[in-house]
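Examination of the molecular architecture
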Amino acid sequence: MTALRPNVLEGRGLRLWLTVSFAVMFTGPFLFHSRVALLNVVDVLFFLPSLTLLTRAVVSGDRRLLLSPWLVPLYALLGWLLLTMAWADNANTSRTVRGVVEIITLVGILRWLHLYYRHTLKQALTNAALTSTVLLVVIMISYYTTQPLGSPLFGESVRLIFDLPQPGPLLTTMALVTPCFILLAQAVEEGINAKGGRRAAGALVGFGFLVLVQWHTGVMLLVAALSWVLLRAEQRILGMLAAAVALYLSLDFEVLGNMSQYFTHPLFGNGLSQETGESLLVGVDEALRIIPHPDNVLLAVIHSSGLVGLILFIAAWAVPAWRLPDGEQNLREGAIFLIAAVPGLLAMLAVGAYLLVPFHPSWMSLWMPLALMLASLSTRDTIRPPVRHPQPQPQ
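Residues numbered from 1 in each chain as written. Predicted model: local features only at pLDDT ≥ 70, side-chain atom pairs only at ≥ 80, totals over all residues. Heavy atoms only, no water.

Along the backbone of the protein chain there are 17 helices and two strands. Across the protein chain, every contact between residues at least 6 apart in sequence was considered, and the portion connecting residues at least 24 apart equals 76%. Per element, the accessible surface of the protein chain, about 18000 Å² overall, is 65% carbon and sulfur. (Helix = DSSP H or I, 4+ residues; strand = E, 2+ residues; numbered from the N terminus. Contact = heavy atoms within 4.5 Å. Areas by Shrake-Rupley, 256 points an atom, 1.4 Å probe, with all protein chains shown as cover.)

Ranked by internal contacts, the top residues of the largest apolar core, which has 115 residues, are F22, F46, L110, F181, F209 and W367. Broken down by element, the residue count for this core peaks at 12 residues, all from helix 6 (residues 118-144). In this structure, V255, L280, I291 and L299 belong to the second largest nonpolar core, which totals six residues. (Core = buried A, V, L, I, M, F, W, Y, C linked by side-chain atoms within 4.5 Å. Buried < 20%, exposed > 50% of the residue type's maximum accessible area, 1.4 Å probe, protein only.)

We now examine unusual backbone geometry. Here the phi dihedral of D163 falls at roughly 55°; this positive angle occurs in a residue that is not glycine. Considering the arrangement of structural elements, one finds D163 in the loop between helix 6 and helix 7 (169-190). Unusually for a residue other than glycine, Y354 sits at a positive phi of about 60°. Since its relative accessible area comes to 14%, Y354 is described here as buried.

For the pair helix 7 and helix 9 (residues 215-232), the least separation of the axes is 11 Å and the interaxial angle reads 25°. In terms of orientation, helix 7 and helix 9 fall into the roughly parallel class. Classified by chirality, the crossing of helix 9 by helix 7 is right-handed. For the pair formed by helix 7 and helix 9, the contact residues are T173, V177, F181, L184, A185 and V188 on the first element and T217, L221, A224, A225, W228, V229 and R232 on the second. The residue inventory of the contact of helix 7 with helix 9, partitioned by class, reads 10 nonpolar, two polar and one charged. (Axes fitted to C-alpha atoms, helices over the stretch in contact; angles between N-to-C directions. Parallel < 35°, antiparallel > 145°, perpendicular 65-115°, else oblique. Left-handed = near helix turned anticlockwise from the far one by under 90°. Nonpolar A, V, L, I, M, F, W, Y, C, P; charged D, E, K, R; others polar.)

Here helix 5 (residues 93-116) contains 24 residues, and its C-alpha end-to-end distance of 35 Å stays within 8% of the 34 Å for a straight helix at 1.5 Å per residue. Counting buried positions along helix 5 yields 17 of 24 residues, so the element is predominantly enclosed. (Expected span 1.5 Å × (residues − 1).)

Another aspect to go through is a nonpolar patch on the surface. The grouping of L83, W87, L267, F268 and L307 at the surface amounts to a nonpolar patch, some 450 Å² of accessible area in total. Along the chain, W87 turns up in the loop between helix 4 (72-84) and helix 5. Relative accessible area serves as the criterion here: at 33%, W87 is assigned to the partly exposed category. (Patch = residues over 30% accessible without salt bridge, like charges linked within 9 Å, V, L, I, M, F, W, Y side chains within 5 Å. Salt bridge = Lys/Arg side-chain N within 4 Å of Asp/Glu carboxyl O.)

Another point: the environment of P320. Structurally, the position occupied by P320 is in helix 12 (residues 297-322). Remark: the alpha-carbon pair of P320 and L370, spanning 50 residues in sequence, is separated by 8.8 Å. Setting aside residues no more than four positions away along its own chain, P320 makes contact with W70, A315, L370, M373, L374 and L377.

Close approach of charged atoms allows side chains with opposite charge to pair. Summed over the entire model, instances satisfying the criterion amount to four salt bridges. The residue K122 makes a salt bridge to E189 at a minimum N-O spacing of 3.1 Å. Of this pair, K122 sits in helix 6 while E189 is found in helix 7, placing the two residues 67 residues apart along the sequence. For the salt bridge of R159 with D163, the shortest nitrogen-to-oxygen distance reads 3.7 Å. Connected through shared salt-bridge partners, D43, R98 and E102 make up one network.

Mapped onto the secondary structure, V42 falls in helix 2 (residues 35-59). Accessibility expressed as a relative area gives 2% for V42, which makes it buried. Separated by 21 residues in sequence, V42 and S21 place their C-alpha atoms 7.1 Å apart. Those residues in contact with V42 that lie beyond four places of it in its chain are V24, M25, F47 and F359.

Next up on the list: the side chain of E102. In this structure, E102 sits in helix 5. Not counting the four nearest positions on each side in its chain, E102 is found in contact with L39, D43, F47, P358, F359 and W363.

This is the structure in C-alpha cells:
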C-alpha cells in the first residue's frame, strides 16, 4: 500500500531528518535575519523531500492521504482564497500558490507519517521542540547580560551572542505556540520521571520566554495551558473557566471597536492581497486606502475573503475537530497532535498575521496545528481493516 516500507534503518534516518526540519521551523525566526533565506532552507530541507515522498505514496495507492473527506473544507478554503485574488488590488499569485502547495504538502506528509511512523513523528516533534528551548535559553542569557531583568525581551535592540536576530513580539509569539504546547503534552504524558521532567522544563522555558517578550499574550497562552491541564485532570468547571479567561485575554477590544473598517465588502471581501503583516489594502470610493492590520485572523479573513471565507475557515477547523476520536485514551495518546489547535487560534486572535503565505513563523500557530489535527485522523480515515474471506471447512 505504501511506496516506502517501514524498517529500523529507515526509521532512524527519518527521525533525524524530521528532527532537523522541525527544529529549523521552530527556531527559524531566531536564526535567520532574512525570511527569504529561512524559506529557501525549509523548502530544500523539508518541502522538496516531503513532496517527493508524498507523491510516491499517493502513486502507490495511498490516495486518501490527500483525498480524505475531512480535507474538503481546507481545500475549499484554499481554493476560495486563491479565487479572491481575482478582485484583489495587489495580489501576488506566484507567492500565494507556492504557499498553497506547501500547506497541502505539509498536511499530506504529516498524515503519511502519522499513519506509518507515528512514534517517530512524535519523537521528532518533541526533540525539535526541546532544541528550540535550548536556543531560547541562549537568547535570554545573552539579552539580559546587558539589559535590566525587568525590561521586556527584545524591547531594545542589542547585539546578541552569535549575532542572533531579534524577531519581535509578533513573530516570536506565533512561532513558539506549537513547540511550547507539544512539550507540555509530552510532559503530562511521560509523568513524573526524568524524561517528563526535561519536557516540563522545556515547556516552562518556552512559556517564560513568551511572557518576557509580551506579557499580555504570554499570560493568555499560560492560562490556555492551565485550562488544558485542568481539563485533563477532569476539573471541567475550572478548565472551562480558564479557557474563557484565555479567550478574553486574546481579544483586542480596541481593534474590535473599529472592526467596521474591515467589513467594507462583507460578502466576498477585498481579495487576498500581498500580505505584509503590518497593513491591509481596502478599496473605498474607487480609491485605495491603507489600514492597519488587525492582528486578528478572523478579521483578516473577513477583510480578504468576506463572510464566505470566514465560514470556510471555521469549517476547516471544526470539521476535523468533530471527527476526533471519542475515546479518552485515544485523546490522551494523541495530545501532542491536538494540543496546539485551540492555543494556536487564540494566538492568531491576539497577534495573528500572514494568513496565506509560503512557510512563515505564523504557520506554527495556524497551519501546523491544523495539519497535526488532520494527521491524527489518518489512522481512522486511511486504514481499512483487511477483508477476510471465510475459510472452507474440511469435509
